[in-house]
Structure formats: C-alpha cells, structure tokens
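The residues making up each chain are set out below.
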Amino acid sequence: MINALRGMKDTLSPQSETYVYMIKTCSRIAEQYGFSFVETPILEETALFKRSVGESSDIVGKEMYQFIDKGENDVCLRPEGTAGVVRAFIQQKYDKAGEKKRFFYHGPMFRYERPQKGRLRQFHQFGAESFGESDVREDATIILMLKAMFEALGIGFTLEINSLGCPACMPQYRTTLVKFLETREGLCEDCERRKLTNPIRVLDCKNEHCKVLLADAPLIIDHLCVTCKEDFTTLKHILDQFDVAYVVNPKLVRGLDYYSKTAFEFVSNEIGAQSAIAGGGRYDRLVEFLDGKATPAVGFAMGIERLMELVKMPETRREGYYIAALCDEAKEIVFKLVDEKRKTEKVLTSYASKSLQNHLKAADKLYVKFCVCIGEDELAKQSVWIKDLESKEEKIINMAHF
RNA sequence: GUGGGUGUAGCUCAGUCGGUUAGAGCAUCAGGUUGUGGUUCUGAGGGUCGUGGGUUCGAUCCCCAUCACUCACCCCA
C-alpha cells in the first residue's frame, strides 16, 4: 500500500468543507478590502527565496524542497507565498507603473520539517500583499482585515505587535545590539551564529540561559527614528480606536529577513505549541532586493491547517433530494428524474430498488430535505411520493409537476 | 536534526501475568409477515494483533531493530 508522504495530508469531507468555507470567507473579506486574487507557481527558482526570505533563515537554510530539474535549473517548492507574489508584481512591471496594487492568494507551501501538531510539510496559507502604499494606515488596515476574517470565522486570538525599524534607524540599532552581545559570554550555539548572520533574531531565542543573558538587551523599540516612532504610535492609536486588543512585544521579530517597521503576529492558545495563526508586517525593501523599483509593501499570511480546528462552521441544514425506486420497474424513470432534477437541485439517489423504510433510512442519513420514492402505485398513476424529512409532511404529486 | 508516547476490525478501544477458534461499541450489509426515517430487535461480513529478527515447546503479549503515526524541542503560518 502506498501512503501519502510524511507531513502531507489528504483533506476530505467534512474537513474539506471547513477548508472551502475558510477560503470563501477570507476571499470575500479580502475583496471587500480591495484585494484581488493572484495565483503564482508553486515551483520557483531557488534564488528567489534565497534573496527574499534570506539565507540566514531556517526556512532557506534547511527546510526547502530544493532540486535540479531536467533542464539543470536550481528550483524549489515555495516555502511561503510573499516571494512569488513580489516576483510576479515586478515581472508585470507594476513597480515601474507606480500604481498601488493589492493581492490575495491561497495555496500549498512546502517546508521540510519534522511534522507535529499544527506543522506539516505541505501546508496551506491564505495571504495578502499590498504594494505601493507607505502610509502606516495600510498596516493598520491589514490588521483590521485579519480581525474581520477571524471574527467571521469565530476564531479568538491575541495580537502582538512590534516595530523593526527602517534603514534609517535599524542598522544603528543593530550595531548597538552587536556591541551589547559582545559583552555577553555563554550564549547558545545558535545565538553565536545569529550574532553574525542576523543579530536581531537573538532576541527571540527560547533558550532559558540566553533569556537571562539578554534580559537587559537594548530593544529596537527604544531606538526607532522619528518617522518609525510616529508611525508606530499612529498604528497603536488606530488599533485603540477600533478596539483591537494588542500587546507590544519588543522581542517579536519575524522569521523571514525581509520585514521592516511594522511586525505583527496573531496567536491562539488553543492549538498546541505551534500557536502563531497569522503573521505579517511591512517589507518596504523587498521589491528592491528582487531587482524591482523601490516600492513600499505590507502583507500577512495565515496558516489554514492551524485555523481549521478553530473555525466555527455555520449550522448545516437538510438540503436537496433523495430519489429512489421501490420496485425494479421504477428504476428507469427514477434515473431519468434524478438527472432532470439535478439541473436545479442537489440530488442523491440509490441505483437499487429497496423498501420504503430502507430508502427513508438512507435519505435521513444523507441529510437531505426531501425523500422521493416511486413504486408500483406511483407508476400506475404517473405520480411521485415525496416526504419532507424536516416537517414530516408527505404528499403525492403528478410526475409532470415534480 | 534531537527527545518522549503510541501501533490489535473501516473508526474508537478492550485483552492475553506468554497457551489452542483474538473481543466490544460504532459503522457497513442483510432481515424483522408485502410502503414510513432519525433513539428498536436479530443476524452476517470484516483482523498476516505495523514490519523484520531474537528468546521460548509455544509470541499479539517479553527483547532488539525498523517503519509509521503522534507530541514536544528547534523553527514558523
């Protein structure tokens, strides 16, 4: 027997109904916020992710499904969605046009990790990216949009925000931080490495000893330039105004290298250790990094599998018809009626002729609203017997009027 | 990559201090005097007890390995 690969899952009913419901709900809301659907390839040139996500990240460093294709191209399955959308944005020359563009996407992402609760090798994200808008109100809007999505889906969350600074203040802070780190002895191996590659990430270290050593580390939030500081204040102000509860987490850094300024994370405490349900922020320099014309941008991604078990689905109601034969002679007309009715309704059937009791049981189980049967009596009178399984009303109507 | 837990019927799980034909509930299918469901009754089908090796007269049970699933670390959505 051949099984699905490790960390890869089939999604069947009823989970698939939840999946579809989530995509529909989030897509609708994204459209209301002016975003349009974009579909980009799952397979991309490896360089795209090395340059965008960053070689210092674990995602690129050790989690990519990377291989050489038959044309000798170094390619990989996308580990996240932003890079592809940015690439498409630049390839369409939207950067040069200078228009504001807003996109949303959803689909599979791939990371070669050890699977656990809320972490798969092939998982799905819903995300959105906004290009050309540098106003911090866009950052706030994206957070409000996410809030609207979670509310529509009945999902509770806590929101953490931070500012990572911009080219005007971040490098300076970085130097300050590195100097501080030089004074600390006994950081873990990972942190020693990060010190050189991406010192900001050291702050996010989960190692208890490191936490102690870093307790009084300088924080970016205290070293922001005037603009960044003002923007962060505006963001907090808007969130207050719209009753979005949040906590400022000065040690919140995004795992991907391209973020700057606003960074945020939506967290749930109901789904195990992998508690981040959505994350995002501003990445004003990424378009440039990928050879486009400098374009401010902000976006987010949410993990669909992590949210699936939190979604509160609307109540399902009985729906559609079950049409079946009580005797072999009725089979032919039943088959015809089924096909006819399917032009306008959901119709289920049985190819076997069985007792009324059996058909009622089957219809009930399939959770349809109407059970329709045709037997000897109905054939003789050219009628159908129909029962509403909710109201229990039943009647016999002319076949032509069914 | 590292560590813990678990692998018995389609599903959820019992069980054998190592002993002959391995059980239950749910689900499925067939019936309950010839046309009335969701909460009835009866019966049936369905298992190489994850795989390979070892110990033993004998292993589903003990030991080793392996694979899978799962949770956590790490990382991240």
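That block above? That's the structure.
All figures in this text were calculated on a predicted structure; none of them were measured in a lab.

Conventions used here
- Residues numbered from 1 in each chain as written.
- Chains lettered and ligands numbered in written order.
- Predicted model: local features only at pLDDT ≥ 70, side-chain atom pairs only at ≥ 80, totals over all residues.
- Heavy atoms only, no water.
- Helix = DSSP H or I, 4+ residues; strand = E, 2+ residues; numbered from the N terminus.
- Rg over C-alpha atoms; globule rule 2.2 N^0.38 Å.
- Buried < 20%, exposed > 50% of the residue type's maximum accessible area, 1.4 Å probe, protein only.
- Contact = heavy atoms within 4.5 Å.
- Areas by Shrake-Rupley, 256 points an atom, 1.4 Å probe, with all protein chains shown as cover.
- Lys, Arg positive; Asp, Glu negative; His and termini not counted.
- Charge placed at Lys NZ, Arg CZ, Asp CG, Glu CD.
- Near = heavy atom within 4 Å.
- Polar contact = N/O pair within 3.5 Å; in protein donor to acceptor, adjacent residues only side chain to side chain.
- Phe/Tyr/Trp six-rings, centres within 6.5 Å; stacked < 30°, edge-to-face > 60°.
- Expected span 1.5 Å × (residues − 1).
- Pairing = 2+ DSSP bridges.
- Salt bridge = Lys/Arg side-chain N within 4 Å of Asp/Glu carboxyl O.

Colleague: I tried to follow the overall build of chain A on my own but got confused; where do I start?
Modeller: Scanning chain A from terminus to terminus reveals 15 helices and 16 strands. For 402 residues, the compact-globule estimate of 2.2 N^0.38 gives 21 Å, and chain A exceeds it by more than 25% at 28 Å. Principal axes of the C-alpha set define a box for chain A whose edges measure 95 × 55 × 50 Å. Relative to its 402 residues, chain A shows a buried fraction of 50%. Within chain A, residue pairs in contact and separated by at least 24 positions form 70% of the contacts whose partners lie at least 6 positions apart. Summed over all atoms, the accessible surface of chain A reaches about 21000 Å², with 50% contributed by carbon and sulfur. Each charge sign in chain A was given a centre, from 57 positive and 60 negative side chains, and these centres are 1 Å apart.

Colleague: Is there a simple way to think about the protein's contact with RNA strand B in this case?
Modeller: Contacts to RNA strand B come from 46 residues, most closely from Arg111, Arg114, Arg194, Lys365 and Lys392. The sugar and phosphate moieties of RNA strand B supply 50% of its atoms located within 4 Å of the protein. Side-chain polar atom of Trp385 to a base oxygen of RNA strand B: 3.5 Å apart, as the coordinates give it. Contributing elements (two or more residues each) for the surface near RNA strand B: β6 (122-131), β10 (276-282), β11 (297-303), α14 (356-365), α15 (376-381) and β15 (383-388).

Colleague: How should the packing of aromatic side chains be read in this particular structure?
Modeller: By convention here, two paired aromatic rings are described through the distance between centres and the angle between planes. For the structure on display, the rule yields 19 aromatic pairs. The interplanar angle of 15° and the centroid separation of 5.6 Å between the aromatic rings of Phe104 and Phe126 together place this pair among those described as stacked. In this pair, Phe104 sits in strand β5 (residues 101-110) while Phe126 sits in strand β6, placing the two residues 22 residues apart along the sequence. The burial state of Phe104 is the same as that of Phe126; both residues are buried.

Colleague: What should I look at first to understand helix α6 (residues 136-153) in this one?
Modeller: Given 3.6 residues per turn, any residue in an α-helix points the same way as the ones three and four places further on. Its 18 residues give α6 an end-to-end C-alpha distance of 26 Å, which sits within 8% of 26 Å, the value for a rise of 1.5 Å per residue. The buried count for α6 comes to 13 of 18 residues, which makes it a mostly enclosed element. At the N-terminal boundary of α6, the capping side chain belongs to Asp135, with an oxygen 2.7 Å from the backbone nitrogen of Arg137. Looking one or two residues beyond α6, the residue adopting positive phi is Gly154, at roughly 75°.

Colleague: Would you mind showing me how to read the pairing of strand β9 (residues 260-267) here?
Modeller: Of all 8 residues in β9, 8 are buried; the element is thus mostly enclosed. Bridge count between strand β7 (residues 158-163) and β9: 6 bridges; the pairing is antiparallel. Note that in β9 the partner of Glu160 across the bridge is Glu265. For β9 and β10, the ladder comprises 6 bridges, and the chain directions are antiparallel. Within β10, the position partnered with Phe264 by the bridge is Gly280.

Colleague: Looking at this structure, how should I read the pattern of salt bridges?
Modeller: For the structure shown, the criterion picks out 21 salt bridges. For Glu138, the salt bridge is made with Arg102, and the minimal N-O distance between the two is 2.7 Å. Of the two residues, Glu138 sits in helix α6 while Arg102 sits in strand β5, which places them 36 residues apart along the sequence. In this structure Arg102 comes out as partly exposed when scored by relative accessible area, which is 24%. Lys261 is the partner of Asp231 in a salt bridge, and the nearest nitrogen-oxygen pair spans 2.8 Å.

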